[in-house]
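Observations on the model geometry
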Amino acid sequence: QVRLVESGGGLVQAGASLRLSCAASGRTTFSSYVMGWFRQAPGKEREFVAAIRWSSGTTYYADSVKGRFTISRDNAKRTVYLQMNSLKAEDTAVYYCAADSRVGHPQEVSEYDYWGQGTQVTVSS
């Protein structure tokens, strides 16, 4: 069993930065896992934001966040981060951390079995 706990959300003005954290725990080494960040705005479907392969560090980004968001991981802390810069009003959503050991398409919601509870990010314009 894998447990994911997100933190770091909040209310900021447009142009500001936030860093989200996802602390992972469970009886696994996570070395074979892909960790993803997704978001869901009211009335919209959950969408891909970024992902990272734990072992290689290979990263993936949605076009809408490329150049503004950076995903990274700290192996010792078993934590994945999402650094969000130049935030826009359209980034407002609940942000979810996801994980799975067998991910062929990191951008797909259906690829992930484990999810956190989410953290709210609100960007005022």
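Below: a short report on this structure. Just so we're clear, the structure is a prediction, and the values are computed from it rather than from any experiment.

What follows concerns the overall build of the protein chain. A count of helices and strands for the protein chain gives 0 helices and 11 strands. Counted from the first residue to the last, the protein chain has its helices and strands arranged as β-β-β-β-β-β-β-β-β-β-β. Scaling as 2.2 N^0.38, a compact globule of 125 residues should have a C-alpha radius of gyration of about 14 Å, and the protein chain matches this with 13 Å. In terms of its C-alpha atoms, the protein chain occupies a principal-axis envelope of roughly 40 × 30 × 25 Å. Looking at the protein chain as a whole, 40% of its 125 residues are labelled buried. Residue pairs in contact within the protein chain that sit at least 24 positions apart in sequence constitute 57% of those at least 6 positions apart. For the protein chain, the exposed area adds up to about 6,400 Å²; of that, 44% sits on carbon and sulfur atoms. In the protein chain, the 14 positive side-chain charges and the 11 negative ones have mean positions that sit 7 Å from each other.

So, about the environment of Val80. Within the secondary structure, Val80 sits in strand S8 (residues 79–84). Sequence separation between Val80 and Ser32 is 48 residues, and the spatial gap between their C-alpha atoms is 14 Å. Apart from the residues lying within four places of it in its own chain, the contact partners of Val80 are Leu20, Ser21, Cys22, Met35, Trp37, Ile52, Trp54, Ile71, Ser72 and Arg73.

This part takes up the state of the cysteines. Under the counting rule described, the total for this entry stands at 1 disulfide. Each disulfide pairs two cysteine sulfurs, and for Cys22 the partner residue is Cys97, the sulfurs being separated by 2.0 Å. Here the disulfide of Cys22 and Cys97 is left-handed, its torsion about the S-S bond being about -75°. With Cys22 in strand S3 (residues 18–26) and Cys97 in strand S9 (residues 93–100), this pair connects stretches of sequence that are 75 residues apart. Of the two residues, Cys22 and Cys97, both sit in the buried class.

Right, let's get into the packing of aromatic side chains. In the structure shown here, the tally under the stated rule is 6 aromatic pairs. For the ring pair Tyr112 and Trp115, a centre distance of 6.1 Å and an interplane angle of 65° mean the geometry is edge-to-face. For the cation-ring pair, Arg46 lies above Tyr96, with the distance from its terminal atom to the ring centre recorded as 3.7 Å. Across the ring face of Trp115, the terminal group of Arg46 is positioned such that the distance to the ring centre comes to 4.8 Å.

Tracing the backbone shows Ser21 in strand S3. Sequence-distant contacts of Ser21, defined by excluding residues within four places in its chain, comprise Val5, Glu6, Ser7, Trp37, Thr79, Val80 and Tyr81.

Its place among the elements puts Thr79 in strand S8. When its relative accessible area of 9% is taken as the criterion, Thr79 is described as buried. Among the polar contacts made by the side chain of Thr79, one reaches the main-chain carbonyl oxygen of Lys77 at a distance of 2.9 Å. Setting aside chain neighbours within four positions, we find Thr79 in contact with Ser21, Cys22, Ala23, Trp54, Ser72, Arg73 and Asp74.

Cut-offs and rules
- Residues numbered from 1 in each chain as written.
- Predicted model: local features only at pLDDT ≥ 70, side-chain atom pairs only at ≥ 80, totals over all residues.
- Heavy atoms only, no water.
- Helix = DSSP H or I, 4+ residues; strand = E, 2+ residues; numbered from the N terminus.
- Rg over C-alpha atoms; globule rule 2.2 N^0.38 Å.
- Buried < 20%, exposed > 50% of the residue type's maximum accessible area, 1.4 Å probe, protein only.
- Contact = heavy atoms within 4.5 Å.
- Areas by Shrake-Rupley, 256 points an atom, 1.4 Å probe, with all protein chains shown as cover.
- Lys, Arg positive; Asp, Glu negative; His and termini not counted.
- Charge placed at Lys NZ, Arg CZ, Asp CG, Glu CD.
- Disulfide = S-S within 2.5 Å.
- Phe/Tyr/Trp six-rings, centres within 6.5 Å; stacked < 30°, edge-to-face > 60°.
- Lys NZ or Arg CZ within 6 Å of the ring centre and 35° of its normal.
- Polar contact = N/O pair within 3.5 Å; in protein donor to acceptor, adjacent residues only side chain to side chain.

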